[in-house]
Amino acid sequence: MSAVAAEYTADEMMAVAAARRLTDSNVCFVGIGLPSVAANLARHTHAPGCTLIYESGTIGAKPVELPLSIGDGELADTAVAVVSVPEIFGYWLQGGRIDVGFLGAAQIDRHGNLNSTVIGDYDAPSVRLPGGGGAPEIALGVRDVFVMLRHSPRAFVERLDFTTSVGDNLRVVITDLGILERRDGELTLVAVHPGLAVEDVRAATGWDLRVDDDVSETEPPGGDELTALRALRTKGRE
């Protein structure tokens, strides 16, 4: 890896950290936003063989620009195949053919359960969120769930207001502060990002966070990673 760039954003650190966990052999269910950035960065750097699947039915998409939505035409134009949404879920996901799935949420608890339905009481919520969509099926259908989420006490809560997706298959949570892995059924801090300390992560967590005995510091984004990431974001849109 080349020399580390002097500056990078928290979102770039999250995208790079997530991309590093993908391999050439992964079949990955991708969401729009940071998960799409991470998955495409992996494909453009160390994991060109990673197969990206989007919920709209595109298999093996290789977008040059980051898609604006799952319905972005470039996903279909660059895909190996385009199938129906029922086939994506019924044959590919439920058939065990997708090993990594990215999910986001408004809330997460210590066990990795996710809420993307409501904040507050279900019948009279303070905020009604977009809902589960395909997330509950993805959470159970893939081997490894990756979550990308900004770290705050509002998001990392002792008790969810609603359980949208269960955390049984959650493997890693990548935040703007560090990296947590699910160990013995509970999220455990395993790494903090450069310039941050364990106490920063504890302070942003709504429960007594379990911390690994040997917490590491995340390797900063390398120059090659940042170059690839920024080219992917801006190509064709200058």
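Placed above this text is the structure.
Residues numbered from 1 in each chain as written. Predicted model: local features only at pLDDT ≥ 70, side-chain atom pairs only at ≥ 80, totals over all residues. Heavy atoms only, no water.

Draft legend 1. How the structure looks around the pattern of salt bridges. On inspection of all chains with the given rule, the structure shows 14 salt bridges. For the salt bridge of Asp 99 with Arg 143, the shortest nitrogen-to-oxygen distance reads 3.9 Å. Remark: Arg 143 occurs in the loop between helix H5 (135-141) and strand S10 (144-148) and Asp 99 occurs in the loop between helix H4 (85-93) and strand S5 (100-103); sequence separation between them is 44 residues. Using a relative accessible area of 15% as the deciding quantity, one classes Asp 99 as buried. Arg 143 gets classed as partly exposed once you look at its relative accessible area, which sits at 48%. (Salt bridge = Lys/Arg side-chain N within 4 Å of Asp/Glu carboxyl O. Helix = DSSP H or I, 4+ residues; strand = E, 2+ residues; numbered from the N terminus. Buried < 20%, exposed > 50% of the residue type's maximum accessible area, 1.4 Å probe, protein only.)

Draft legend 2. The packing of aromatic side chains, seen in detail. By the definition in use, this model includes five aromatic pairs. Relative to Phe 89, the ring of Phe 29 has its centre 5.8 Å away and its plane inclined at 55°; by these criteria the two rings are tilted. With Phe 29 in strand S1 (residues 27-30) and Phe 89 in helix H4, this residue pair connects regions lying 60 residues apart in the sequence. Comparing Phe 29 with Phe 89, the two get one shared label, buried. Where Phe 102 meets Phe 146, the ring centres are 5.5 Å apart and the plane angle is 85°; that geometry is what we call edge-to-face. (Phe/Tyr/Trp six-rings, centres within 6.5 Å; stacked < 30°, edge-to-face > 60°.)

Draft legend 3. Spotlight on the pairing of S5. Of the two faces of S5, the one holding Val 100 and Phe 102 and the one holding Gly 101 and Leu 103 are both buried throughout. One ladder, built from two bridges, connects S1 with S5; its direction is parallel. Paired with Phe 29 across the strands is Gly 101, a residue of S5. Relative to S10, S5 runs parallel, the two sharing four bridges. If you follow Gly 101 over to S10, its bridge partner there is Val 145. (Pairing = 2+ DSSP bridges.)

Draft legend 4. Just the environment of Ala 155, in detail. In this structure, Ala 155 sits in the loop between S10 and strand S11 (170-174). A C-alpha to C-alpha distance of 26 Å links Ala 155 and Asn 40, two positions 115 residues apart in sequence. Excluding its chain neighbours within four sequence positions, the residues that come into contact with Ala 155 are Ala 106, Gln 107, Ile 108, Leu 149 and Arg 150. (Contact = heavy atoms within 4.5 Å.)

Draft legend 5. Highlighting the environment of Gly 206. Counting through the fold element by element, Gly 206 comes out in the loop between helix H6 (198-203) and strand S14 (210-217). Relative accessible area serves as the criterion here: at 36%, Gly 206 is assigned to the partly exposed category. Separated by 162 residues in the primary sequence, Gly 206 and His 44 place their C-alpha atoms 36 Å from one another. Beyond its immediate sequence surroundings of up to four residues, Gly 206 is in contact with Pro 153, Phe 156 and Glu 158.

Draft legend 6. Spotlight on the pairing of strand S12 (residues 178-183). Pairing between S11 and S12: three bridges, direction antiparallel. Within S12, the position partnered with Val 172 by the bridge is Glu 181. With antiparallel pairing between neighbouring strands as the criterion, S11 and S12 make up a hairpin whose turn holds three residues. Pairing analysis gives six bridges linking S12 to strand S13 (residues 186-192), with the strands arranged antiparallel. Paired with Gly 178 across the strands is Val 192, a residue of S13. In sequence, S12 turns back onto S13 through a hairpin of two residues, with Asp 184 there showing a positive phi of about 50°.

Draft legend 7. Just the state of the cysteines, in detail. Enumeration according to the criterion identifies zero disulfides in this entry. Distance from the sulfur of Cys 28, which forms no disulfide, to the nearest cysteine sulfur (Cys 50) is 5.2 Å. (Disulfide = S-S within 2.5 Å.)

Draft legend 8. Spotlight on H4. Restricting attention to buried positions, one finds in H4 the residues Ile 88, Phe 89 and Leu 93. Looking straight down H4, one finds that the buried residues subtend no more than 85° of arc, so they occupy a single side. Against the buried residues of H4 lie S1, strand S2 (51-54), strand S3 (58-59) and H5. (Arc of directions from axis to C-beta.)

Draft legend 9. Spotlight on the nonpolar core. Counting residues in each nonpolar core, the largest one holds 36 residues, and the members touching the most others are Leu 22, Cys 28, Leu 52, Phe 102, Met 148, Ile 174 and Ile 179. The element contributing the most residues to this core is helix H1 (residues 10-19), with seven residues. Apart from the residues within four sequence positions on either side, Ile 179 is in contact with Ala 17, Arg 21, Val 172, Val 173, Ile 174, Thr 188, Leu 189, Val 190, Ala 191, His 193 and Thr 218. (Core = buried A, V, L, I, M, F, W, Y, C linked by side-chain atoms within 4.5 Å.)

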